[in-house]
Amino acid sequence: MASTTPTILLIGSLNMDLVTNTPRMPVAGETLLADTYGFHTGPGGKGANQAVAIARLGGDKVKCAMIGMVGDDVFGGEMRGQLEREGIDVSGVGIEKGVSSGVAAILIEHTGENRILVSPGANFVLTPSRIELVSPLPDLLVLQQEIPLDTVAHAIKLYSDPSSKTLVLLNPAPAFSESVTAAAGIDLRNVDFFVPNETEAAITIGSESPVETISQAKEVAQTLLVGKGVRKAVIITMGGQGVVVAYYEDDAAAAEAGKIRIEHVPAMKVKAIDTTGAGDTFIGGFSVNLVAGCGILKSVQRGIEAAAWTVQRKGTQKGIPHRRETDWDSLQ
């Protein structure tokens, strides 16, 4: 690449978040009064959230670009403008006429737990034909599954070609069964970093039992790394329990011999107010440190640090920290 500054490309979703804070979730058929002043809107979508996390946590050390689609409505203009103000290259974010932008209805309990319902809108206009190799090639491609799965598959295949030298990270959110992703053409053997949460990990391997313990997560991570052929690392985020990572040794000879390490990195002990953007912030923190050469385990640790900042604040993108709030530069 001509530039010496690492570049991360996001291909993913943009949604307007419609957020309601409530004492608890309503049961079926129940009308429940939420908090009196508990409603607000804000730009979101897993793709956009992760792009903002990368831009803020990368600071001037990393460049970030995004490819996605919005509708020709008020939400679309607001979301695109917000990314641009964050310093993200939005030349790849298209505007589709006659289509609504994606929206996400988010309910947040006082405990910090959340439930999210997404209406994709323009995100599903992001078809494979709209995805091409960009120049210069990015150091890392980050993907989620809030856009059509065949688009995800196409992007993985395109950028995982050895000649591109681009690393590929897939966050399988929302998760689908292996039969569904296989039918779309998603091949984990072309993915370098696979980053599900505990629920998404269980769905991916077709388990009817949830991943609840660290030992279960270690077993699943190894299955995904070795059995499913993920190239470099499987990283399972587990909320307050921290992160389990299974990865091939950084040493080239050890990696060639198939030597793996499985580690549990505990979460930081903080008071969680809103966990909505924690996973996206983790991916942002992990990604910017990875392309800076920090190594897998150190990048995981810094992703956890970034997520700990986020859960102590309200708002998905509003809660994402900036690099200046960390001590990463002084520790480099």
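About the thresholds
Per-chain numbering applies: the sequence of each chain, read as written, is numbered from 1 onward. Owing to the predicted nature of the model, reporting of local features is limited to residues with pLDDT of at least 70; listing and counting of side-chain atom pairs is limited to 80 or more, with chain, interface and lining totals taken over all residues. The basis for every side-chain value is the complete set of heavy atoms in the structure, and neither hydrogens nor water enter the calculation. Nonpolar cores were defined as sets of buried Ala, Val, Leu, Ile, Met, Phe, Trp, Tyr and Cys residues, with membership established by side-chain atoms within 4.5 Å. Partly exposed describes any residue whose relative accessible area lies between the buried limit of under 20% and the exposed limit of over 50%, with all areas from a 1.4 Å probe on protein chains only and scaled to the type maximum. Any two residues whose heavy atoms approach within 4.5 Å are treated as being in contact. By definition, two strands form a pair when at least two bridges between them are found by DSSP. Elements are defined by DSSP. Helices are runs of H or I of four residues or more, strands are runs of E of two residues or more, and each kind is numbered from the N terminus. Axis definition: a line fitted to C-alpha atoms, limited for helices to the stretch in contact. Angles are taken between N-to-C directions and run from 0 to 180 degrees. In a helix, the anticipated span is given by 1.5 Å times the number of residues less one. Centres within 6.5 Å make a pair out of two Phe, Tyr or Trp rings, where for Trp the six-membered ring is used; the pair is then stacked when the planes are under 30 degrees apart, edge-to-face when over 60, and tilted otherwise. Polar contact is defined as a pair of N or O atoms within 3.5 Å, subject to the rule that within protein one atom must be able to donate a hydrogen and the other to accept it, and that residues adjacent in sequence are counted only when both atoms are side-chain atoms. Throughout this description, the term salt bridge denotes a Lys or Arg side-chain nitrogen within 4 Å of a carboxyl oxygen of Asp or Glu.

Asker: I would appreciate a short explanation of the nonpolar core in the present structure.
Answerer: Note that soluble globular proteins tend to have their nonpolar side chains buried in a common cluster. One finds Phe282 and Val300 to be the most contacted residues of the largest nonpolar core, which totals 46 residues. When residues no more than four places from it in sequence are discounted, the contact partners of Phe282 are Val195, Ile235, Thr237, Val243, Val300, Gly303, Ile304 and Ala307. Counting 40 residues, the second-largest nonpolar core is a separate cluster that includes Leu9, Ile147, Ile186 and Val230.

Asker: Would you mind showing me how to read the pairing of strand E7 (residues 114-119) here?
Answerer: Residues in a regular strand point their side chains to alternate faces of the sheet. Across six bridges, strand E6 (residues 102-109) lies against E7 in antiparallel orientation. Across the sheet, Ala105 pairs through a bridge with Leu117, a residue of E7. Turn length for the E6-E7 hairpin, with the two strands adjacent in sequence and antiparallel, is four residues, and the turn residue Gly112 shows positive phi of about 100 degrees.

Asker: Please explain the sheet that holds E7 as it appears in this structure.
Answerer: Ordered in space as E3-E2-E6-E7, the four strands form an open sheet in which the pairing is mixed. Edge positions in the sheet fall to strand E3 (39-44) and E7, since each has one partner strand and no second. Adjacent strand axes in the sheet meet at a mean angle of 20 degrees, parallel and antiparallel pairs treated alike. As judged from the six bridges shared by strand E2 (residues 15-22) and E3, these two strands associate in the antiparallel manner. For Leu18, the partnering residue across the bridge sits in E3 and is Thr41.

Asker: For this particular structure, what's the right way to read the environment of Ala217?
Answerer: With respect to the helices and strands, Ala217 occurs in helix H6 (residues 214-227). According to the relative accessible area criterion, Ala217 is buried, its value standing at 0%. In this structure, the C-alpha to C-alpha distance between Ala217 and Ile235, residues 18 residues apart in sequence, is 9.4 Å. Excluding residues that lie within four positions of it along the chain, Ala217 makes contacts with Val211, Ile236, Met238 and Val244.

Asker: Before we go on, may I ask you to explain H6 in this structure?
Answerer: Because each turn of an α-helix spans 3.6 residues, side chains separated by three or four positions in sequence point in the same direction. Over its 14 residues, H6 extends 19 Å from the first C-alpha to the last, a length consistent with the 20 Å expected when each residue adds 1.5 Å. The secondary structure elements touched by the buried residues of H6 are strand E10 (193-194), helix H5 (198-204), strand E11 (233-237), strand E12 (243-248) and strand E13 (260-265). Looking one or two residues beyond H6, the residue adopting positive phi is Gly229, at roughly 85 degrees.

Asker: Looking at this model, I keep getting lost on the packing of aromatic side chains. Mind explaining?
Answerer: Evaluation of the coordinates by the stated rule reveals two aromatic pairs. With a centroid separation of 5.6 Å and 70 degrees between ring planes, the pair formed by Phe193 and Phe286 is classed as edge-to-face. Of the two residues, Phe193 sits in strand E10 while Phe286 sits in helix H8 (residues 278-291), which places them 93 residues apart along the sequence. In this pair, the class of Phe193 matches that of Phe286, namely buried. In this structure an aromatic cluster arises from ring pairing among Phe193, Phe282 and Phe286.

Asker: What am I meant to see in the side chain of Gln144 here?
Answerer: Within the element layout of this structure, Gln144 appears in the loop between strand E8 (140-143) and helix H3 (149-159). Of the polar contacts made by the side chain of Gln144, one reaches the side chain of Gln50; its length is 3.0 Å. Contacts of Gln144, omitting those with residues within four sequence positions, involve Leu10, Ile11, Gly12, Ser13, Lys46, Gly47, Gln50, Val152, Leu170, Asn171 and Ala173.

Asker: What am I meant to see in the sheet that holds strand E5 (residues 89-96) here?
Answerer: Strands pair in a sheet through their backbones, by hydrogen bonds, and they do so in one of two ways: parallel or antiparallel. If you walk across this open sheet you meet the nine strands as E5-E4-E1-E8-E9-E10-E11-E12-E13, and the pairing is mixed. Looking at which strands have only one partner, the edges of the open sheet turn out to be E5 and E13. Both strand E1 (residues 7-11) and E8 contribute to a ladder of four bridges, which runs parallel. By the bridge assignment for E8, Ile8 is matched with Leu140. Lying on the sheet, helix H9 (residues 296-310) is in contact with E10, E11, E12 and E13; it crosses E12 at an angle near 160 degrees.

Asker: What is the right way to read helix H1 (residues 46-58) from this model?
Answerer: In this model, H1 (13 residues) spans 17 Å end to end at C-alpha, consistent with the 18 Å of a helix rising 1.5 Å per residue. Within H1, 13 of the 13 residues are buried, which leaves the element mostly enclosed by the surrounding structure. In the stretch just after H1, Gly59 is the one whose phi turns positive, near 55 degrees.

Asker: Help me understand unusual backbone geometry, please; the structure alone is not making it clear to me.
Answerer: Omega for the bond connecting Ser135 with Pro136 falls within 30 degrees of zero, at 0 degrees, which places this linkage in the cis form. Cis geometry is adopted by the peptide bond preceding Pro174, which originates at Ala173 and carries an omega value of -5 degrees. Mapped onto the elements of the fold, Pro174 is located in the loop between strand E9 (167-170) and helix H4 (178-184). The backbone of Lys165 shows a phi angle near 60 degrees, a positive value even though the residue is not glycine. Locating Lys165 in the fold gives a position in the loop between H3 and E9. On the basis of relative accessible area, Lys165 is assigned to the exposed category, the value being 73%.

Asker: I keep staring at the pattern of salt bridges and nothing clicks. Help me out?
Answerer: Side chains bearing opposite charge may pair, as long as their charged atoms lie close to each other. A complete count under the given rule lists 10 salt bridges for this structure. Residue Arg323 pairs with Asp329 through a salt bridge whose shortest N-O separation is 2.9 Å. Classification of Asp329 as partly exposed rests on a relative accessible area of 40%.

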